[in-house]
Amino acid sequence: MKLAPPDVGDDNNSLSDRVTRALVEERDRIAHDLDAALIQRLLGVALHLQGTITLLDGRAADRVAEAVEELDSLVTEVRTVIFGMATCRREPGNG
């Protein structure tokens, strides 16, 4: 009597599914952390600086206004990355 070899294909698929699921969950966690912490802090700093502009004159006000614009641009870039992470997660074959 000959025993059939164990079917490892199902085990490999199950492991692959668990790894994919773990990667998606980690990507979601990172995206949430970026949005909740980083973006909110950047926006807070930008708003604080924007309020300070009215207290300044000339070149100082201009420089702070430029810094606010840079922060706004950075927030947009971070949001684009987060959106890209979410889009990548939903596309077939990308986990």
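Residues numbered from 1 in each chain as written. Predicted model: local features only at pLDDT ≥ 70, side-chain atom pairs only at ≥ 80, totals over all residues. Heavy atoms only, no water.

**Student:** In this structure, what is going on with the overall build of the protein chain? I would like to understand it.
**Tutor:** Check the secondary structure of the protein chain and you find 2 helices and 0 strands. Counting the 95 residues in the protein chain, one finds 15% classified as buried. Here the protein chain has roughly 7500 Å² of accessible surface; of this, 58% comes from carbon and sulfur atoms. (Helix = DSSP H or I, 4+ residues; strand = E, 2+ residues; numbered from the N terminus. Buried < 20%, exposed > 50% of the residue type's maximum accessible area, 1.4 Å probe, protein only. Areas by Shrake-Rupley, 256 points an atom, 1.4 Å probe, with all protein chains shown as cover.)

**Student:** What is the right way to read a nonpolar patch on the surface from this model?
**Tutor:** A grouping of Leu15, Val19 and Leu23 is seen on the molecular surface, where their side chains present a nonpolar patch of about 270 Å² in accessible area. Examined against the element boundaries, Leu23 turns out to sit in helix 1 (residues 9-53). (Patch = residues over 30% accessible without salt bridge, like charges linked within 9 Å, V, L, I, M, F, W, Y side chains within 5 Å. Salt bridge = Lys/Arg side-chain N within 4 Å of Asp/Glu carboxyl O.)

**Student:** Help me understand the nonpolar core, please; the structure alone is not making it clear to me.
**Tutor:** Within soluble globular proteins, side chains that are nonpolar generally end up buried alongside one another. In terms of nonpolar packing, the biggest core is built from 10 residues, these being Ala31, Ile39, Leu42, Ala46, Val68, Leu71, Val75, Val78, Ile82 and Met85. Those elements that provide at least two residues to this core are helix 1 and helix 2 (58-90). Broken down by element, the residue count for this core peaks at 6 residues, all from helix 2. With near-sequence residues (within four places) excluded, Ala46 lies in contact with Val68, Leu71 and Asp72. (Core = buried A, V, L, I, M, F, W, Y, C linked by side-chain atoms within 4.5 Å. Contact = heavy atoms within 4.5 Å.)

Take it as geometry only, folks, not as evidence of what the structure does.
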